[in-house]
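Understanding the architecture of this molecule
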Amino acid sequence: MRLFAAVLPSEAAVAELASRVAALRGLPGADGLRWTERAGWHFTLAFFGQVDESVLPALHERLARAAHRHPPHEVRLAGGGRFSDKVLWVGVEGDRTTLGQLADSAEAGARRAGLHMDRHRPYHPHLTLARCRGGADLRPYVAGLEDFESSAWTVPELSLVCSHPPTPGVAGAQPRYEVVAGWPLGH
């Protein structure tokens, strides 16, 4: 199973973002980007890759502990940015410190459960909106997100998500994400 730990935005925040993304998709050149689907919007905390079923009990135990150590915290989607000319994203404001600590705990828990994790990088919370393989001028899209701010919500839980790859050979196919477990924060 291809797994990662994530925080899912509230339905209200997703609806507000969807409205702004609809406007961005009307900009010139937007059809050259691969837009992510609303159903897949999430904040990845730690990516685990392929995980053998035998590791799942230990991973569940460690992620439950990670969730327990961090309180529910308030965040909102806000602003935007880009990674080079390949990825357009929306950011997060609010209690980014707790969100970053939750990401660090999820990564550490996976290591303790026996998963090999790539080199640790500072956590940069973002929700990917679009990608472009060949590169594109994403500045107009970033500018279109500059004043965006969703309503705030309280992050209630840490989710373990399974990523199902897109259907091969189907143009525009997207990965499908399935929440396989969740642990309430602070409990």
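Structural notes, computed from the coordinates.

Conventions used here
Residues numbered from 1 in each chain as written. Predicted model: local features only at pLDDT ≥ 70, side-chain atom pairs only at ≥ 80, totals over all residues. Heavy atoms only, no water. Helix = DSSP H or I, 4+ residues; strand = E, 2+ residues; numbered from the N terminus. Phe/Tyr/Trp six-rings, centres within 6.5 Å; stacked < 30°, edge-to-face > 60°. Buried < 20%, exposed > 50% of the residue type's maximum accessible area, 1.4 Å probe, protein only. 1 Å grid on protein atoms, 1.4 Å probe; cavity = no way out; pocket = protein on both sides within 12 Å on 5 of 7 lines; lining within 4 Å. Points joined across faces, edges and corners; volume = space filled by probe spheres on them. Nonpolar A, V, L, I, M, F, W, Y, C, P; charged D, E, K, R; others polar.

A few points about unusual backbone geometry
A positive phi angle is found at serine 84, which is not glycine, with a value near 55°. Structurally, the position occupied by serine 84 is in the loop between strand 4 (73-83) and strand 5 (87-94).

Let's talk about the packing of aromatic side chains
A complete count under the given rule lists three aromatic pairs for this structure. With a centroid separation of 5.7 Å and 85° between ring planes, the pair formed by phenylalanine 4 and tyrosine 177 is classed as edge-to-face. Here phenylalanine 4 is found in strand 1 (residues 2-7), whereas its partner tyrosine 177 is found in strand 9 (residues 176-184), with 173 residues between them in sequence. Judged by relative accessible area, which is 3%, phenylalanine 4 ranks as buried. Here tryptophan 35 and tyrosine 141 contribute two aromatic rings whose centre-to-centre distance is 6.0 Å and whose plane-to-plane angle is 70°, an arrangement assigned as edge-to-face. On the criterion of sequence distance, the pair formed by tryptophan 35 in strand 2 (residues 34-35) and tyrosine 141 in helix 4 (residues 139-145) is long-range, its members being 106 residues apart. As far as the burial class goes, tryptophan 35 and tyrosine 141 line up, both buried.

So, the layout of surface pockets
When its volume is computed, the largest pocket comes out at roughly 1500 Å³. Lining the largest pocket are 44 residues, with His42, Thr44, Phe47, His126 and Arg131 sitting closest to its centre. At the level of secondary structure, the elements contributing two or more residues to the lining of the largest pocket comprise strand 1, strand 2, strand 3 (43-50), helix 3 (96-112), strand 6 (127-131) and strand 9. Looking at the lining of the largest pocket residue by residue, the classes come out as 21 nonpolar, 13 polar and ten charged. The calculated volume of the second largest pocket comes to roughly 200 Å³. Within the residue set of the lining of the second largest pocket, elements represented by two or more residues are helix 1 (11-24) and strand 9.

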